[in-house]
Amino acid sequence: MKPSLSRRIIAKTSLSPSPTGRLAILLFSWLFSLGFAGFLPPAWADDDVLRLITNGGYMVEDGSGRFQHREQELFVPASTLKILTSLVALERFGPEYRFETHLFLDGRGNLYIKGFGDPLLTSEAVLDIGKKLVAMGIRQLRSIRLDDSAFDLQGETASEENSAKSYDAPNGALAVNFNAVSIMVAEKGTINPGEPETPLLPLMRQLGRGLAPGTHRLNINMLHSQPQVSATLRYAGELFTAQ
C-alpha cells in the first residue's frame, strides 16, 4: 500500500564518463579484442596451445572461418566483463542517462527511499541528500523506510559470494558504498571507520569483532542479517540515519 505523500525528492547521479573516458573505454575494448582474437594466427590453435588454456575460451578469425575453443563452457566472471558492461550500458541507456534514487516524505515524518540501482550511492552522496533535506526545512524524521524492489533478484547474482572480500559483495537496487564496509581496527581493538567520509555505524562494531588490527574492506554479506531485513538494506538504513 502506497503512503500518502506530500513531498517527492529525486537524487540523481551519473555513470556516464567524459568524452575522453568514453574514448578510453572504446579504445581499450578494441585493443583487447584485436589482441586476443583478430590477430591470433591459426597456428596458435594447435593442441599444445589448447592445453595452456585452462581458465577460459577464445575465438579466432583466420580468414576462412572461426576457430572456437571451450566457447560453450561457463566460467566465473572476470573483471574484464566490466568493459563490456560499460559499453552495453552506454549503448542501451545513452551517455545522458542518470541513475535515480527516489525519496518520498509523507505528512507524518516518514521518509521512504526507493533505489533504482545507483552504483554511486556513496557516503558523500548520502550526506549531500541529507543536506538537501535540511535545506527543505526537514529537521526530524519519524522513520526511514527502504525499498529495493526495483531489482527482482532471485538468489545470489553472478560473482557474488559470502566471503570477506569486497569484490564479492552483492548487487541490489538500493546499495550504498558498493556494499563494502571499510573498518579500521586499532591495536587495542577499538573500531573506527576506515574512511573519513563514512561515520561509525553499529554494523561496523559487529563486523569488526575479532579482526586483526589494521584497515579492512569487507563484503556486507559477512553480516548476519535479521530475518526481516537484509544486510544490504541495514547498511543503507544505518548510513542514511547517520548522515
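Please read these numbers as outputs of a predicted model, since none were measured by experiment.

Peer 1: Please provide a residue-by-residue account of the nonpolar core, values included.
Peer 2: Ranked by size, the top nonpolar core spans 29 residues in total, and within it L121, V176, V181, I183 and L203 carry the most contacts. Looking at this core, the elements that each hand over two or more residues are β4 (99–106), β5 (110–115), α4 (123–135), β7 (180–185), α5 (202–208) and α6 (231–242). With six residues, α6 is the largest single contributor of residues to this core. With sequence-adjacent residues up to four places away left out, V176 is seen in contact with L121, V126, Y235, A236, L239 and F240.

Peer 1: Please set out the sheet that holds strand β8 (residues 191–193) residue by residue, giving values where relevant.
Peer 2: In space, the three strands of this open sheet follow the order β8-β7-β9, with antiparallel pairing throughout. Looking at the sheet topology across the chains shown, the edges are occupied by β8 and β9 (214–219). Shown here is a sheet whose adjacent strand axes are inclined to one another by a mean of 35°, direction ignored. In this sheet, β9 lies alongside β7 in antiparallel orientation, the contact comprising six bridges.

Peer 1: Explain the environment of I220 residue by residue, including any values.
Peer 2: Following the sequence through the fold, I220 ends up in the loop between β9 and α6. Its relative accessible area of 0% is what places I220 among the buried residues. Setting aside chain neighbours within four positions, we find I220 in contact with P170, N179, V181, L203, A231, T232 and Y235.

Peer 1: Tell me about helix α3 (residues 81–93), and name the residues and values.
Peer 2: End to end, α3 covers 18 Å across 13 residues, agreeing with the expected 18 Å (1.5 Å per residue, within 8%). If you check which residues of α3 are buried, you get I83, L87 and L90. Projection of α3 onto a plane perpendicular to its axis shows the buried side chains occupying an angular sector of 65°, all on one side. Of the exposed residues in α3, the ones pointing more than 90 degrees away from its buried face are K82, T85, V88 and R92. Once α3 finishes, G94 follows within two positions and takes phi at roughly 90°, a positive value.

The rules behind the values
- Residues numbered from 1 in each chain as written.
- Predicted model: local features only at pLDDT ≥ 70, side-chain atom pairs only at ≥ 80, totals over all residues.
- Heavy atoms only, no water.
- Core = buried A, V, L, I, M, F, W, Y, C linked by side-chain atoms within 4.5 Å.
- Buried < 20%, exposed > 50% of the residue type's maximum accessible area, 1.4 Å probe, protein only.
- Helix = DSSP H or I, 4+ residues; strand = E, 2+ residues; numbered from the N terminus.
- Contact = heavy atoms within 4.5 Å.
- Pairing = 2+ DSSP bridges.
- Axes fitted to C-alpha atoms, helices over the stretch in contact; angles between N-to-C directions.
- Expected span 1.5 Å × (residues − 1).
- Arc of directions from axis to C-beta.

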